[in-house]
Amino acid sequence: MHVDEKKIKSDNLLNSVKVVLVGTTHPGNIGATARAMKNMGILDLALVEPKEFPSDVATFRSKAAKDILEKASVHRSLAEAISECELVVGTSARGRTVPWPVLNPREAAEEMHKSSLNGKVAIVFGREDRGLTNEELGLCNFHVHIPSDPEYSSLNLSQAVQILAYEIRLSYLQDRHVNKEYWDVELANNEQTERLINHMDELMQEVDFYDVENPRKLLVRVRRFFKRSKIDVMEANIFRGLFATIQKKLK
Ligand code: SAH
């Protein structure tokens, strides 16, 4: 059955999603990404240190999505590109050493849909040759893996974007099936959560909680805890207030 979009109560899922491409080498992939996004009604594109942009090749490959390229923001780091986002989803073509919660594209779109009621959500894509670094993946709340054949798991960048954008659109069209999550306090955005994690690290170092020369996986585990718990602004302030009070007592 054809879905009449006008009949569906409009929400802001499509407007809330920001697609972030990190370190893209081939400008053609940036253009193809813009097209893949616009076909699905997603318009906000952010580029982190693209190798070549603006580019005629990107413009050519974008077809009728040139406006997305013109409005795209360019950033020097992933942290900067996602600072205001309350939910950040990282894509990965393979498993990593410290496991993060991993969802498939459909589950990821649903999570983004729920969070879009509160604020901006980002979906982050990596470099053509080596994907996202562990540090970049550590900035994300959860990861999404397209269940490709393990023998050859890595898709072309813009095709991975297309799959995620399509699932986001499907979730948007099936709006009524999403259990909207009400929360009384605004969720902490990426920048606020990063400050909290850094503050905790500062305190742990002040009390010699771990060997700075050999932190092993401690910091990654602390980071994973805060990232997956969707902490709100008030909770973050309680922790930071506690850390600051302990630091004051120590002096
Ligand atoms: N060799 C790289 C693959 C990079 S593919 C690696 O092992 O990480 C370029 C980008 O396309 C990835 O960073 C990711 O954003 C996306 N991508 C490709 N295949 C994917 C998959 N199966 N699941 C999720 N994202 C994928």
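Residues numbered from 1 in each chain as written. Predicted model: local features only at pLDDT ≥ 70, side-chain atom pairs only at ≥ 80, totals over all residues. Heavy atoms only, no water.

### A look at the pairing of strand β2 (residues 44–48)
Move 1: Burial within β2 is extensive, with four of its five residues counted as buried.
Move 2: In terms of strand pairing, strand β1 (residues 17–22) meets β2 through five bridges, oriented parallel. By the bridge assignment, K18 is partnered in β2 with D44.
Move 3: Tracing the backbone out of β1, into helix α2 (residues 27–39) and back to the parallel element β2 gives a crossover that is right-handed.
Move 4: Relative to strand β3 (residues 73–75), β2 is paired through three bridges, and the arrangement is parallel. Counted as the bridge partner of L47 is V74 from β3. (Buried < 20%, exposed > 50% of the residue type's maximum accessible area, 1.4 Å probe, protein only. Helix = DSSP H or I, 4+ residues; strand = E, 2+ residues; numbered from the N terminus. Pairing = 2+ DSSP bridges. Right-handed = clockwise from strand over helix to strand, strands pointing away.)

### Quick word on helix α9 (residues 190–206)
Because each turn of an α-helix spans 3.6 residues, side chains separated by three or four positions end up pointing in the same direction.
Move 1: In this model α9 runs 24 Å from its N-terminal to its C-terminal C-alpha over 17 residues, within 8% of the 24 Å that 1.5 Å per residue would give.
Move 2: Listed as buried for α9 are N190, T193, E194, L196, I197, H199, M200, D201, L203 and M204.
Move 3: Lining the buried residues of α9 we find β4 (87–91), α10 (218–228) and α11 (233–250). (Expected span 1.5 Å × (residues − 1). Contact = heavy atoms within 4.5 Å.)

### Quick word on the pairing of β4
Move 1: With five of five residues buried, β4 lies mostly within the body of the structure.
Move 2: In β4, alternate side chains face the same way, and those of L87, V89 and T91 on one face and V88 and G90 on the other are all buried.
Move 3: The sheet contact formed by β4 and strand β6 (residues 121–125) spans four bridges and is parallel. The partner of V88 across the bridge, within β6, is A122.
Move 4: The sheet contact formed by β4 and strand β7 (residues 142–144) spans three bridges and is parallel. Each bridged residue has a counterpart across the sheet, and for G90 the counterpart in β7 is H143.

### A closer look at the packing of α2 against helix α8 (residues 157–173)
Working note: a packed helix pair is described by the angle between its axes plus the distance between those axes.
Move 1: The contact between α2 and α8 brings their axes to 8 Å, and the two run at 15°. The angle between α2 and α8 places the two elements in the roughly parallel class. The element α2 and its partner α8 pack so that their crossing is right-handed. Of the residues in α8, those touching α2 at N29, A32, T33, A36, M37 and N39 are L157, S158, V161, Q162 and A165.
Move 2: Among the residues forming the contact of α2 with α8, the class breakdown is six nonpolar, five polar and no charged. (Axes fitted to C-alpha atoms, helices over the stretch in contact; angles between N-to-C directions. Parallel < 35°, antiparallel > 145°, perpendicular 65-115°, else oblique. Left-handed = near helix turned anticlockwise from the far one by under 90°. Nonpolar A, V, L, I, M, F, W, Y, C, P; charged D, E, K, R; others polar.)

### Points about the site of the ligand
Move 1: Every one of the 21 residues lining the ligand counts as a neighbour, but T91, R94, I146, S153 and L155 are closest to it.
Move 2: At 3.2 Å, a backbone N or O of D129 approaches a nitrogen atom of the ligand.
Move 3: Within the contact set of the ligand, a nitrogen atom lies 2.8 Å away from a backbone nitrogen or oxygen of I146.
Move 4: Summarising the interface, the protein chains cover 93% of the accessible area of the ligand, which totals 550 Å² for the free molecule.
Move 5: Most atoms of the ligand, that is more than half of them, are within 2 Å of grid points of the largest pocket.
Move 6: The residue makeup of the shell around the ligand, split by class, is seven nonpolar, eight polar and six charged. (Near = heavy atom within 4 Å. Polar contact = N/O pair within 3.5 Å; in protein donor to acceptor, adjacent residues only side chain to side chain. Areas by Shrake-Rupley, 256 points an atom, 1.4 Å probe, with all protein chains shown as cover. 1 Å grid on protein atoms, 1.4 Å probe; cavity = no way out; pocket = protein on both sides within 12 Å on 5 of 7 lines; lining within 4 Å. Sits in = over half its atoms within 2 Å of the grid points.)

### Let's talk about unusual backbone geometry
Move 1: In the segment running from F53 into P54, the intervening peptide bond is cis, with an omega of -5°.
Move 2: Locating P54 in the fold gives a position in the loop between β2 and α3 (56–62).
Move 3: Even without a glycine there, the phi angle at K63 is positive, about 55°.
Move 4: What makes K63 partly exposed here is its relative accessible area of 43%.
Move 5: At D208, a position not held by glycine, the phi torsion is positive, near 50°.
Move 6: As for its position among the elements, D208 is in the loop between α9 and α10.

Interpretation in functional terms is not warranted from these geometric data alone.
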